[in-house]
Amino acid sequence: MRLSRGFIPTLKETPNEAQIASHRLMLRAGLVRQTSAGIYAWLPLGLRVLRNIERLVREEQDRAGAQEILMPTIQPADLWRESGRYDDYGAEMLRIKDRHDRDMLYGPTNEEMVTDLFRQAVKSYKELPQILYHIQWKFRDEVRPRFGVMRGREFLMKDAYSFDLDHAGAVSSYRKMMLAYMRTFQRMGLKAIPMEADTGPIGGDLSHEFIILAPTGESQVYYDAAFEEIDYLSAGAGGFSHERPEDLERFFKEMTTHYAATDEKHDLGRWEQVAAKREGRGIEVGHIFYFGTKYTKSMNATVAGPDGKPLHPEMGSYGIGVSRLVGAVIEASHDDNGIIWPDSIAPFKAAILNLKVGDAACDAMCEQLYAAFDGNALYDDRTDRAGAKFADADLMGHPWQIVVGPRGAAAGKVELKRRATGERVEVSVEEALKLCGAA
RNA sequence: CGGGGUGUGGCGCAGCCUGGUAGCGCGCCUGUUUUGGGUACAGGAGGUCGUGGGUUCGAGUCCCGCCGCCCCGACCA
């Protein structure tokens, strides 16, 4: 994208309504604009990040054996009457009526709908297990939306639902999802800690929430440093495969034996036993639940068992706050000058800064670089001053900045800057492309 | 939903106490200038002062209602 043509409205000053770092930076870097309390429009730069996060989430869901579907945002109230949650959910659920005066709602979650789909289609235990997920907008009419996209009313969530024949199967699905989550967060450059959680309105008796570490997080967290040593992505010895039950067993044991708790659940007695203590601030970005037959029973979803008799499958549900993650990553990774995107979700791999638009050597070099990135670079071809370009590039947080100025261009060199470290090297165009991983 | 705050060109703010035709910085447009960390100068465009009502000869300013937004708390992916 050429910045001179891009719809990337950056701001020098922080709008008054934004108080926390990620919200300020998202507005200043032109990622989003607020349209009403807790509801945001995603602009090109922000949308690219959102899509990148979706892609990572999707890849890891698929790897864990989940199948992607897409359920609607609008649901009929009747489904929720079946489960009994239509009355339980309260004012947080946005209730609407269609033109025929039928009660509808904007889905805050999808247990009822997916259970309905399942019971219509799946008739035999032989078809189990199934894990279905979708990435769809949700609406929860929060009393007090805040922190930008971290606590919006409308938000993008990945929610998965597992159906298993029995408790053992459900636990296995639960563990697969947990592994998928740890892999997902690691790939996004985040340190995530799984913590035992209450099940809340979803119901059930096994639940974990995933907290990522960020200095500005909402809650204080205490955990065993052992979590920081684990590599969830490794395929070799000591790695974890979704396919091998023994791996899942070992993985789950790792996740549940090391100490981890938020301040509300902090147990000083157990904490004292932890050899390598770590504490910090955290943001919840995912939550998983096992709740057995809560919905299959209330909504009468059955499959025929081996003996031909109907059985209620055991369910779990698994959520990742996709749009929240955009804010959470920024909270975890920024400095005074702006955002520092992890490579895996950055909107662009690199920014190409042409310090002297109109200079034949600079223009040619920039065009060559821009073409080589094949759309994955933001080319700052504006006629602004160098300082403005440096400031905007830092603000937007591209992992690499390739600075092309008349001084270096004459010698066939560009300056390559790594946003995260500030490190700069003077290299040829070819070397720059190689170092950025574009060539 | 309880408590607090705030609303004035795109963004940040002053003006309100003590009513008299709306101002500053940034941004934007034009020109000159500058050219490796938000250059300087000159000219210019842009505002129903959130909204409805009231008081007054006259309301951004005073009074009442409503709405939006933000912060703290209770609640949450």
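Keep in mind that what you see is a predicted model, and the values were worked out from it rather than measured. (Residues numbered from 1 in each chain as written. Chains lettered and ligands numbered in written order. Predicted model: local features only at pLDDT ≥ 70, side-chain atom pairs only at ≥ 80, totals over all residues. Heavy atoms only, no water.)

Draft legend 1. Molecular detail of empty space enclosed by the protein. The tally for this structure, following the rule as stated, stands at 2 cavities of 30 Å³ or more. By volume, the largest cavity amounts to about 50 Å³. Looking at the lining of the largest cavity, the elements that each hand over two or more residues are strand S2 (39-42) and strand S8 (154-164). Of the residues in the lining of the largest cavity, the class split is 6 nonpolar, 1 polar and 1 charged. Within this model, the second largest cavity holds a volume of roughly 40 Å³. As for the second largest cavity, its lining consists of Leu3, Ala351, Leu353, Leu378, Asp380, Lys389, Asp392, Ala393, Met396 and His398. Elements supplying a minimum of two residues to the lining of the second largest cavity: strand S19 (350-354), strand S20 (377-380) and helix H13 (386-396). Here the element with the most residues in the lining of the second largest cavity is H13; it accounts for 4 residues. (1 Å grid on protein atoms, 1.4 Å probe; cavity = no way out; pocket = protein on both sides within 12 Å on 5 of 7 lines; lining within 4 Å. Points joined across faces, edges and corners; volume = space filled by probe spheres on them. Helix = DSSP H or I, 4+ residues; strand = E, 2+ residues; numbered from the N terminus. Nonpolar A, V, L, I, M, F, W, Y, C, P; charged D, E, K, R; others polar.)

Draft legend 2. Spatial organisation of the packing of helix H2 (residues 44-63) against helix H6 (residues 167-187). The geometry of H2 relative to H6 is characterised by a closest axis approach of 9 Å and an angle of 150 degrees between their N-to-C directions. By the angle class used here, H2 and H6 are roughly antiparallel. In terms of crossing hand, the pair formed by H2 and H6 is right-handed. Contacts from Leu56, Val57, Glu59, Glu60, Gln61 and Arg63 in H2 reach Met177, Ala180, Tyr181, Arg183, Thr184 and Arg187 in H6. Classifying every residue of the contact of H2 with H6 gives 5 nonpolar, 2 polar and 5 charged. (Axes fitted to C-alpha atoms, helices over the stretch in contact; angles between N-to-C directions. Parallel < 35°, antiparallel > 145°, perpendicular 65-115°, else oblique. Left-handed = near helix turned anticlockwise from the far one by under 90°. Contact = heavy atoms within 4.5 Å.)

Draft legend 3. Here's a closer look at the sheet that holds strand S5 (residues 94-97). Taken in spatial order, the 3 strands line up as S4-S6-S5 in an open sheet, and their pairing is antiparallel. Looking along the sheet, the strands with just one partner apiece sit at the ends: strand S4 (74-76) and S5. In this sheet, adjacent strand axes meet at a mean angle of 40 degrees when their direction is disregarded. Relative to strand S6 (residues 103-106), S5 runs antiparallel, the two being bridged by 4 bridges. Considered in S6, the bridge of lysine 97 is made with aspartate 103. (Pairing = 2+ DSSP bridges.)

Draft legend 4. Quick peek at the packing of aromatic side chains. Applying the stated criterion to the full structure yields 14 aromatic pairs. Ring centres 5.6 Å apart and planes at 80 degrees place the aromatic pair tryptophan 80 and tyrosine 89 in the edge-to-face group. For the ring pair tyrosine 370 and tyrosine 379, a centre distance of 5.6 Å and an interplane angle of 40 degrees mean the geometry is tilted. On the basis of relative accessible area, tyrosine 370 is assigned to the buried category, the value being 16%. Of the aromatic side chains, those joined through ring pairs into one cluster are Tyr174, Phe252 and Tyr318. Above the face of the tyrosine 86 ring, arginine 95 is positioned so that its terminal group lies 4.6 Å from the ring centre. We note lysine 277 situated over the ring of tryptophan 271; from NZ or CZ to the ring centre the distance is 5.8 Å. (Phe/Tyr/Trp six-rings, centres within 6.5 Å; stacked < 30°, edge-to-face > 60°. Buried < 20%, exposed > 50% of the residue type's maximum accessible area, 1.4 Å probe, protein only. Lys NZ or Arg CZ within 6 Å of the ring centre and 35° of its normal.)

Draft legend 5. Representation of the side chain of aspartate 164 in the model. Residue placement: aspartate 164 occurs in strand S8. An unpaired buried charge is present at aspartate 164: no salt bridge exists, and lysine 176, the closest side chain of opposite charge, is 7.2 Å distant. Other than its neighbours up to four places away in sequence, aspartate 164 contacts Leu128, Pro129, Gly169, Ala170, Ser173, Pro313 and Glu314. (Lys, Arg positive; Asp, Glu negative; His and termini not counted. Salt bridge = Lys/Arg side-chain N within 4 Å of Asp/Glu carboxyl O.)

Draft legend 6. Molecular detail of the sheet that holds S19. As summarised here, the arrangement of the 5 strands in space is S20-S19-S21-S22-S23, forming an open sheet in which the pairing is mixed. Among the strands making up the open sheet, the edge pair consists of S20 and strand S23 (424-428). Here the strands of the sheet are splayed against their neighbours by 25 degrees on average, with no regard to which way each runs. Sheet analysis places strand S22 (residues 413-418) next to S23, joined by 5 bridges and oriented antiparallel. By the bridge assignment for S23, valine 414 is matched with valine 427. Here H13 sits on the sheet and contacts S19, S20, strand S21 (400-404) and S22; the angle it forms with S19, its principal contact strand, is near 175 degrees. Its contacts with the sheet place helix H15 (residues 429-436) against S21, S22 and S23, and it is angled at close to 125 degrees to S23.

Draft legend 7. Molecular detail of the domain arrangement of chain A. Looking at chain A, the domain boundaries give domain 1 (21-339) and domain 2 (350-436). A straight line from the C-alpha centre of domain 1 to that of domain 2 covers 39 Å. Across the boundary between the two partners, domain 1 contributes 9 residues, which contact 7 residues of domain 2. Roughly 690 Å² is buried in total at the junction of domain 1 and domain 2, and carbon and sulfur atoms are behind 50% of that figure. Of all residues in domain 1, the largest losses of buried area upon contact with domain 2 belong to Leu45, Asn337 and Ile339, amounting jointly to 54% of the total for that side. Summed over the shared surface of domain 1 and domain 2, the result is 5 residue pairs in polar contact (both at pLDDT 80 or more). Of all the elements in the fold, those that place two or more residues in the side of domain 1 that touches domain 2 are helix H1 (21-28), H2 and strand S18 (338-339). (Domains from an automatic or database assignment. Buried area = accessible area lost by both parts, 1.4 Å probe. Polar contact = N/O pair within 3.5 Å; in protein donor to acceptor, adjacent residues only side chain to side chain.)

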